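Here's the letter readout for the chains.
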Amino acid sequence: MTATTQHYGSGRHLRFHVLTYGCQMNEYDTNTIQSELVSAGHMPVDALADAELVVLNTCAVRGKPVEKVVTVLGELRKERRQGRDLTVALMGCLAQLEEGREIADRLGVDILIGPGAITDIVPAVDALTGGVSEWESLEFKDDLVTHITPASGSLTGFLTIMRGCNHHCTYCIVPQTRGPEVSRPLKAILQEAEDMRQAGTQELYLLGQNVNSYGLDDPSLPSFAELLRRVAGVGIPRVKFTTSHPMNFTSDIIDAIAEEENICNFIHLPVQSGSDRVLRRMGREYRRDRYLSIIDEIRSKVDNVVISTDIIVGFPGETEDDFEATLSLYDEAAYEQAYMFMYSARPGTPSAKHFKDMPREVKTERLQRLIERQKHWSLVKHRQLVGSTLRVLIKDIANEGDYLYGHSDQNHTVLIPKNQSNRLGLMDVVIESATPHTLYGSLKEHHAASVPLLMAG
Ligand code: 5AD
Ligand code: SF4
């Protein structure tokens with residue numbers, strides 16, 4: 001483990017609670033933060049109110065998640081002023097930015113640790129309990145070699161294969177918060193996947209800001225397509241990955257997905273805009289035609305594939321024609337799913353510096369129209385599945401109470417009545433009805449590796 005740095009501490013063990021914002025990378029980092037703290041003797045607690053240490057693992061990609069963090073920090077500061085004994089750590093992408101430091105200073109944060117130094121959390125807590133008044137680690141120093149063996153028994157496991165981003169999309173803060181691309185060694189990835197297989201993981205998510213750039217920073221590493229095949233060979237029933245960039249989404253990746261049975265037929269391929277003019281201003285290195293030709297190749301080679309995307313509406317200077325180009329691209333790609341965002345001017349990004357933001361009403365109205373398009377296509381695609389059988393990883397009780405929820409091999413959200421199973425795991429489910437977001441079905445058959453509901457991790 002990397003937390004072998006000098007210890008200053010009082011040896012005091014704290015009850016801690018981690019709040020996670022943002023993407024799956026952050027969920028994975030939260031696992032690391034929790035494992036580090038637990039292995040140093042600190043104790044996780046479910047309720048924020050019971051914690052002596054609160055860690056906020058933050059996201060800075062849009063304004064909204066930042067506002068949420070500011071609200072929580074404000075509440076915590078109030079409680080401390082009323083006498084609550086609390087240590088507060090700001091971690092994740094926001095911590096890396098000037099904006100984060102300013103918020104930390106203003107709202108009384110004790111520990112500031114960026115995404116490149118997360119294993120510093122233990123020495124930081126030690127230092128604070130030992131009497132040091134504050135701690136800051138903002139360098140990119142965690143080697144990506146050593147990582148935590150995942151908690152056993154969890155059905156879904158996250159595995160970071162690379163960190164950072166070498167693209168320079170003009171709206172995006174990530175290159176500043178996560179630094180340049182660094183790929184993890186093949187051996188460490190395969191070992192971690194093997195550990196997860198032995199621990200019973202049924203679904204493995206390979207993570208990175210740009211997974212298909214894997215290995216480009218180091219000639220001794222295989223390509224992403226080869227890596228996919230090697231990871232598939234470990235034998236976990238289901239392997240997914242996110243997120244990809246259209247620029248290096250090469251045919252060999254599509255072939256690996258088509259040929260390896262346990263690599264899921266689900267591809268998240270952010271397009272951001274359907275207008276070449278906007279793509280150019282966004283600094284995206286491909287154009288509409290090239291993007292659509294990748295979609296064609298995927299749909300022709302990969303059976304039953306589901307494609308999802310990210311789209312930003314209201315990028316500065318986006319005209320009505322540009323926006324309509326996005327709508328028409330949506331129709332051509334016929335996405336099964338999409339994540340849609342209003343442009344958010346992030347301090348420090350080129351687009352925030354050089355371009356003028358447009359009125360919020362225009363952005364809201366365009367987002368609404370795009371959501372309508374998304375609902376239309378998702379419903380069309382979902383209805384085509386009624387009557388068919390999907391393999392679903394049932395993961396937990398759904399928020400709606402009377403259902404269990406899970407995800408299909410193609411990442412559809414699927415619900416089955418709770419009284420049909422007291423187990424979690426892979427199951428065959430017959431789809432009976434559909435909404436734009438959800439498929440409802442009935443259990444047909446459990447697969448061998450299911451686990452009792454109560455024991456699920
Ligand atoms: N404004 C709105 N959306 C953004 N994204 C990234 N930066 C911004 C921003 N400044 C979106 C992109 C990206 C997703 C993770 O978040 O669509 O793919
Ligand atoms: Fe941000 Fe673009 Fe890199 Fe994605 S590819 S993380 S949007 S800079």
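Residues numbered from 1 in each chain as written. Chains lettered and ligands numbered in written order. Predicted model: local features only at pLDDT ≥ 70, side-chain atom pairs only at ≥ 80, totals over all residues. Heavy atoms only, no water.

A. Representation of the site of ligand 1 within the structure. Contacts to ligand 1 come from Val61, Arg62, Tyr171, Gln272, Asp310, Ile312, Phe341, Met342, Tyr343, Ser344 and Arg346. Here arginine 62 contributes a side-chain N or O atom positioned 2.7 Å from an oxygen atom of ligand 1. Within the contact set of ligand 1, an oxygen atom lies 2.6 Å away from a side-chain nitrogen or oxygen of aspartate 310. Compared with its free state, where it exposes 400 Å², ligand 1 has 85% of that area covered by protein. Counting only elements with at least two residues in the shell around ligand 1, the list comes to strand S13 (306–313) and strand S14 (337–342). A breakdown of the residues in the shell around ligand 1 according to their chemical character gives six nonpolar, two polar and three charged. (Near = heavy atom within 4 Å. Polar contact = N/O pair within 3.5 Å; in protein donor to acceptor, adjacent residues only side chain to side chain. Areas by Shrake-Rupley, 256 points an atom, 1.4 Å probe, with all protein chains shown as cover. Helix = DSSP H or I, 4+ residues; strand = E, 2+ residues; numbered from the N terminus. Nonpolar A, V, L, I, M, F, W, Y, C, P; charged D, E, K, R; others polar.)

B. Layout of the packing of helix H2 (residues 63–81) against helix H3 (residues 98–107). Where H2 contacts H3, the axes come no closer than 10 Å and their chain directions differ by 20°. The pairing of H2 with H3 is recorded here as roughly parallel in orientation. By crossing handedness, the relation of H2 to H3 is classed as right-handed. Contact residues: H2 offers Val66, Val70, Leu73, Gly74 and Arg77, while H3 offers Glu99, Ile103, Arg106 and Leu107. Here the contact of H2 with H3 is built from residues that sort into five nonpolar, one polar and three charged. (Axes fitted to C-alpha atoms, helices over the stretch in contact; angles between N-to-C directions. Parallel < 35°, antiparallel > 145°, perpendicular 65-115°, else oblique. Left-handed = near helix turned anticlockwise from the far one by under 90°. Contact = heavy atoms within 4.5 Å.)

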